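A look at the structure
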Amino acid sequence: MPVFEFQATTEQQAIIDAPLKSLAVVACPGSGKTATAVRRVAEVRRRLEVAGSRGHIALLSFSNIAVDTFRDEYRQLRGRDGDSDNVVIQTVDSFLTTFILRPHGSRAMNCPRTPYLALGTEPFLSSFRFGDAKNPIGLDELAFDLENGKVAVHRRFKNGGAQRLDAALAKTAKQNVAALAATGAYTYGAGRIWALVLLKNEPRIAKALALRFPHILVDEAQDIGPFEGALLDGLSAAGSTISLVGDFHQSIYSFNFATGEYLRNFTSRADVLKLPLTQNRRSVESIVKAANLLAGTDSTHFRTLPARLTGTYFWRYDLKALPEFMSSWVSALDAAGYAIEEAAVLCRGSSLLAKLSNESSQIGKSAVKHFATAAIEREQSSDISKVLEHCAKGVLTIVSNLPNSFISDVKNMRGDADVKTLRRLMWPLIRTPATGIPRATLAARTSWLTELKKNLHEWLTLVEQETTFRREPTWNNRVTAAELPKKGPLIAVDIGQHDWSSLRCGTVHSAKGEGIPAVMYLTSKSDIDALVAGTGDEEGRIGFVAVTRGRDLLVVAIPSGTSDETISKLKASGFIESGPAQLAAVAAAAGAPA
Amino acid sequence: MYLKTLRIQGFRRFNDLSLNFKDGLNVIVGPNNAGKTAVVDALRVLLAASDEGNLRLTELDLHEAPGGPPSPSATFTFVFSGLSEQNEADFSNALIAVKGVDGKTIERYDARFSVQYTQAEPGGRLRLRRWVGLHEENSMTTEMLEELRAIYLQPLRDPEQGLKPGRMSQISKLIQNMMPDKAARKELVEKLTAIDDELAKNEPISTTNAAISTKHESMLGTVLAQALKLDLTSSDFNRFAARVGMAIGGRDVEQNGLGFNNLIYMAVVLSELAFNKTASYCGLLVEEPEAHLHPQLQAVLLDYLKTVEQPVAGERPVQVFVTSHSPNFAALADIDSICCVYDSPTGPVAFAPRDVAFGKGKKEKLQQYLNVTRAELFFARRIVFVEGAAELFLVEALAKKTGYDLRKHSISIISTDGLNFDAFLPLFGEKAMQIPVAVVTDADPAAPDQFPAAEDALKLSAAATAISKAEDAYVKCFFAQKTLEYDLALDATRRGLMVEALTEIHPTIGADLKVIVDGAVTNQEKAKLLFTGMFERPEGKTNVKKGQFAQALALGISESNAAIELPAYLKSALDSVTAVAAKGHARV
């Protein structure tokens with residue numbers, strides 16, 4: 001939203017002008033918290049400058065998209081970057097890495113080099129596996145919780161869910177994490193623990209950081225996990241003023257043990273100023289009402305109704321006829337006056353999503369898996385750094401004696417001369433499909449795989465000539481057809497395959513923070529049951545997040561066999577029974593452009 | 001906070017040199033070519049980095065071991081200590097933990113900054129990297145760089161250039177810094193424009209302007225003619241600053257003396273210190289401030305530079321680095337402020353007298369005795385210590401006469417005025433400054449051996465024995481059988497010269513003693529008689545003054561045509577400092 005259009009509401013202004021103490025901002029969806037947070041930070045900065053303080057302000061969130069949005073908004077507001085203004089805008093993880101782990105982590109981790117992030121697929125990690133020999137636990141599968149000040153270790157499963165490890169396994173787990181740390185590596189979960197350990201061991205560093213960041217504002221505070229919480233508590237105890245902005249009903253990252261507890265407890269503290277944002281400026285009245293009914297909240301709406309069709313509906317669909325259902329959605333959108341770019345289909349998990357997009361979430365095995373993913377992402381014009389990362393993972397499995405920090409080095413453009421040369425050689429693999437990773441539109445098992453093998457063979461020869469690295473002797477065995485689509489290409493050719501092929505389909509998590517004019521929430525049985533059950537548990541909250549992405553039009557698509565009980569709950573939450581044909585009719589009757 | 005350690009690797013003459021500094025004033029001394037300028041340039045690599053006249057390193061600055069390949073990179077590591085809590089906050093990423101004596105508990109945090117220049121391709125520019133803290137992956141932000149400021153005063157300044165009006169004058173720079181606020185500048189320019197407008201209305205400006213413009217227009221015509229206007233102050237703040245010049249006592253800069261101009265110039269530059277109030281660290285790098293200053297002014301300047309160690313209220317502490325060739329500076333500065341850079345057998349080395357463990361009271365003695373002539377010891381490559389002025393004259397004259405060119409070998413003869421070797425010797429030897437030192441003193445045996453023969457074994461007095469304990473690989477002690485005068489008298493030719501010199505200053509005593517001495521038989525006897533006849537005269541008679549005698553004898557020696565032989569111990573002493581010189585590298 002362009003900055004000159006912004007006019008703060010009373011609630012927003014109260015936050016911006018609040019005194020310099022801890023704030024708890026419980027914000028309903030669409031409440032303009034980005035604009036508010038950025039202006040609050042700018043105001044705090046101004047007051048610090050007037051007081052002659054050298055302190056910086058940290059504005060932290062949990063996703064790169066949120067951080068980019070904050071940075072853009074700040075730049076528009078102030079005419080310069082946060083960095084030149086003593087304002088640091090980063091993700092929480094990035095903040096911990098920049099100011100704690102990288103400069104000081106080696107003392108807590110007992111390693112002789114700057115700590116680096118291990119993504120989980122690196123081959124060297126396999127030597128740290130432990131537990132049952134038939135089903136060993138890898139360190140990247142571990143999730144950590146804090147119980148009564150003690151670290152509890154859980155194993156995360158790929159299909160969701162986690163299992164707590166017993167005392168003996170937990171002990172081994174901790175030993176292995178420490179052993180990994182001694183080589184310089186940490187996984188996402190462990191990184192937070194090391195940061196906490198460092199601050200506890202060296203209170204002067206905590207003091208220095210608190211003095212450097214006398215004000216820290218954390219967005220999406222419902223995603224604060226136990227360790228981030230402990231870190232914030234530590235900084236607070238050392239003198240920093242913490243403010244939180246978030247919504248308990250949108251806590252959807254419990255695999256991190258972030259349940260919204262921290263935000264809840266924070267909000268109920270006596271010394272914290274509570275300044276809620278209760279006006280939903282994103283969605284039309286019907287969507288706001290439905291959200292209120294689902295969450296038991298009392299937010300108000302702001303927008304007046306646009307000319308085209310709006311509202312909250314539910315449609316039934318048949319899983320076997322999904323493509324046709326999608327086509328009818330697109331037609332309905334058209335009839336109701338929505339362009340296809342203004343719409344999205346959101347799903348809870350990736351399996352349902354996979355049915356939509358004809359891509360497998362787990363394609364191929366080993367090296368092929370990585371190269372295939374790289375090809376797919378490249379064809380979909382994803383963030384090029386993601387493509388590079390997948391390519392690097394693939395290279396890691398076919399080239400031997402690479403340093404453990406190879407992926408991290410490639411991403412951050414570090415490493416010695418050999419690594420730099422290898423990185424330079426990797427780029428043509430991505431850039432030139434003819435001699436590198438072939439186009440994902442080729443037949444996967446046949447043309448694509450054969451060309452890949454041939455190209456990799458020649459590429460490895462080149463690598464051996466120009467660097468000291470050598471090919472893995474058994475590399476060919478890792479480039480197999482296992483788990484590739486039996487026929488057809490890795491991805492469907494874009495143009496012309498389906499009329500809904502340019503429709504955006506994604507997980508609910510991927511749409512967090514966004515406002516989309518027309519949203520369809522495509523549910524399975526468990527998803528819809530959870531939605532109507534409310535925001536008491538995470539599944540319900542995921543549904544709540546899906547619903548509140550919608551600005552004007554919201555359709556919940558339910559399986560055709562959904563029970564009457566569930567349907568009546570759905571109606572009670574403000575959803576009107578409908579279908580593609582009915583919607584088109586209503587739109588026509590309302591005189592909406594056809 | 002202050003810079004505690006600077007480590008220089010692979011830069012110019014330094015393969016690996018570490019220097020320790022203290023808070024406040026640091027005086028860096030040393031012989032020519034030892035690398036004092038390199039040390040200042042190393043400091044500038046980090047500190048004056050935002051200055052104009054930036055230091056540009058090229059591949060020629062990379063260290064090249066003799067006969068070896070050039071170093072691929074030059075690395076500079078700076079460790080700052082004494083951080084306040086605010087400093088720790090400002091440089092949190094640069095902090096390194098310093099463990100206590102037990103090796104476990106963290107005693108404090110210092111801040112470390114590293115700068116590295118690497119040769120990327122031959123003949124190309126050097127690649128520059130800056131990082132903080134323990135590991136290379138933590139890069140230095142420009143924010144941090146701007147917090148580390150220094151003002152640099154280069155040697156051989158041209159104060160006239162700096163004080164006369166001009167765009168690049170120091171005054172212009174200072175004025176611009178004094179008024180950074182745009183609004184204030186605008187206001188000033190408006191005032192100046194008003195003055196100019198007023199002037200333009202009156203003679204002579206108005207008539208001159210008209211005359212020039214008319215002529216100009218008649219030459220070029222209305223189309224090509226340019227708008228000309230005479231003004232005094234100009235309508236632009238920067239041009240105004242460039243027009244301001246300094247008058248000294250109502251006269252021009254050029255009419256003032258070079259020395260005083262230098263001081264004014266320095267004052268102008270030092271005023272910039274006022275602008276670095278908010279920077280976390282501020283340093284002052286001064287090269288050879290003694291240029292054009294005579295000793296009194298040097299003392300005045302040094303006293304001023306010392307005051308930064310205890311800043312007055314409202315002024316910020318500044319760490320000062322001064323390089324100097326001036327024994328004045330070295331003598332007047334506190335011993336603790338001195339840092340010596342010199343050539344040891346293994347290459348350039350840094351040595352600080354503050355690191356030496358002096359005996360009780362010795363350091364204070366040294367500070368007292370460190371006058372200008374003795375401060376030469378910080379600049380010498382080889383040293384001969386003698387007991388006093390008399391010995392100084394004689395040894396110099398004898399050395400010259402017997403063919404030792406002390407100057408060419410860069411050998412300094414330093415008098416310690418009465419056996420105060422113990423105050424000076426702790427500064428030299430294997431554990432301190434590793435340069436060749438010869439201590440020339442007396443065995444001065446007690447009775448009954450107090451008049452030995454030249455061939456006798458040495459019998460050291462208690463004092464002499466104490467001095468001999470200082471001997472090591474670098475410090476060597478050489479003893480006269482008795483004293484210098486006695487030993488000189490053990491040889492016939494030398495004795496003759498001595499009697500002549502004595503007769504010059506004391507004709508009667510001289511004539512008498514000549515007879516007595518001629519009457520003796522052995523050299524030992526003759527020496528005893530001459531010695532006692534001059535310096536152990538009977539009750540009621542005054543002894544010959546040693547200093548006066550030495551002067552006369554030295555003159556006699558230098559004017560004589562006879563071939564003179566040195567006493568054995570002196571020859572050994574001079575050989576020991578010159579032999580090393582002959583073997584050593586040809587750098588003076």
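Analysis parameters
- Residues numbered from 1 in each chain as written.
- Chains lettered and ligands numbered in written order.
- Predicted model: local features only at pLDDT ≥ 70, side-chain atom pairs only at ≥ 80, totals over all residues.
- Heavy atoms only, no water.
- Contact = heavy atoms within 4.5 Å.
- Buried area = accessible area lost by both parts, 1.4 Å probe.
- Salt bridge = Lys/Arg side-chain N within 4 Å of Asp/Glu carboxyl O.
- Polar contact = N/O pair within 3.5 Å; in protein donor to acceptor, adjacent residues only side chain to side chain.
- Helix = DSSP H or I, 4+ residues; strand = E, 2+ residues; numbered from the N terminus.
- Buried < 20%, exposed > 50% of the residue type's maximum accessible area, 1.4 Å probe, protein only.
- Expected span 1.5 Å × (residues − 1).
- pLDDT = per-residue confidence, 0-100.
- Axes fitted to C-alpha atoms, helices over the stretch in contact; angles between N-to-C directions.
- Parallel < 35°, antiparallel > 145°, perpendicular 65-115°, else oblique.
- Left-handed = near helix turned anticlockwise from the far one by under 90°.
- Pairing = 2+ DSSP bridges.

A few words now on the interface of chain B and chain A. Listed by partner, the interface residues are 20 residues for chain B and 22 residues for chain A. Buried area between chain B and chain A, summed over both chains or domains, comes out near 2,000 Å², and the portion from carbon and sulfur atoms is 45%. Contact with chain A buries area across many residues of chain B, yet N93(B), H135(B) and E137(B) alone supply 26% of it, more than any other trio. Its salt-bridge partner being E147(B), residue R54(A) comes within 2.6 Å of it at the nearest N-O pair. At the junction of chain B with chain A, the criterion picks out 13 residue pairs in polar contact (both at pLDDT 80 or more).

Now for the side chain of N93(B). Tracing the backbone through its elements, the reader meets N93(B) in the loop between α2 (85–90) and β5 (95–99). Exposure remark for N93(B): the relative accessible area of 9% places this residue in the buried category. A polar atom in the side chain of N93(B) sits 3.1 Å from the backbone oxygen of T98(A). Aside from chain neighbours lying at most four places away, what touches N93(B) is T98(A), F99(A), P103(A), H104(A), R212(A), V132(B), G133(B) and M144(B).

Between its terminal C-alpha atoms helix α13 (residues 389–401) of chain B stretches 18 Å, which fits the 18 Å expected from 13 residues at 1.5 Å a residue. Of the residues one or two after α13(B), G403(B) is the one with positive phi, at around 90 degrees.

As a further point, take the confidence of the model for chain B. Overall, the predicted model of chain B reaches an average pLDDT of 86, with 96% of residues at or above 70. As scored by the predictor, the complex reaches a pTM of 0.80 and an ipTM of 0.76.

Moving on, we come to the packing of helix α2 (residues 33–50) of chain A against helix α3 (residues 64–78) of chain A. Each pair of packed helices can be described by the angle between their axes along with the distance between the axes. Residue and element names in this part refer to chain A. Remark: α2 packs on α3, axes separated minimally by 10 Å, with the N-to-C direction vectors making an angle of 55 degrees. As the angle between them shows, α2 and α3 are arranged oblique. The way α2 lies across α3 gives a crossing that is right-handed. In contact with T34, A35, A37, V38, R39, V41, A42 and R45 of α2, α3 contributes T69, F70, E73, Y74, L77 and R78.

Okay, the sheet that holds strand β7 (residues 162–164) of chain A next. Residues and elements named next belong to chain A. Taken in spatial order, the three strands of this open sheet run β5-β6-β7, and their pairing is antiparallel. Each edge of the open sheet carries a strand with a single partner, namely β5 (142–147) and β7. Between one strand axis and the next, the sheet turns through 35 degrees on average, direction left out of account. Of the pairings in the sheet, the one linking strand β6 (residues 150–156) to β7 comprises three bridges and is antiparallel in character. Considered in β7, the bridge of R155 is made with Q163. The sheet contacts of helix α5 (residues 167–182) involve β5 and β6, and relative to β6 the element is tilted by about 95 degrees.

So, on to unusual backbone geometry. Omega for the peptide link from E203(B) to P204(B) comes to -5 degrees, which places this bond in the cis form. With respect to the helices, strands and loops of the structure, P204(B) is situated in the loop between α6 (182–201) and α7 (205–224). In this model, A447(B) is joined to P448(B) through a cis peptide bond whose omega is 5 degrees. A positive phi angle is found at N148(A), which is not glycine, with a value near 50 degrees. Residue classification places N148(A) among the exposed positions, given a relative accessible area of 80%. You will see that E288(B), though not glycine, has its phi angle at about 45 degrees, which is positive. With respect to the element layout, E288(B) can be found in the loop between β9 (281–287) and α10 (295–307).

Residue and element names in this part refer to chain A. Taken in spatial order, the six strands of this open sheet run β3-β2-β9-β10-β1-β11, and their pairing is parallel. In this open sheet, the two edge strands, each paired with only one partner strand, are β3 (87–91) and β11 (273–274). Both strand β2 (residues 57–61) and β3 contribute to a ladder of five bridges, which runs parallel. Bridging from a neighbouring strand, L60 pairs with Q90 of β3.

Under the defined criterion, the tally for this structure stands at 57 salt bridges over all chains. Residues E85(B) and K207(A) are paired through a salt bridge, measuring 3.7 Å at the closest nitrogen-oxygen approach. Taken together, the residues E85(B) in helix α2 and K207(A) in helix α7 (residues 203–212) connect one chain to another. Owing to a relative accessible area of 39%, E85(B) belongs among the partly exposed residues under this scheme. Given the relative accessible area of 31%, K207(A) is considered partly exposed. Taken together, the salt bridges that share partners define one network made up of K33(A), D219(A), E220(A), D223(A) and K512(A).

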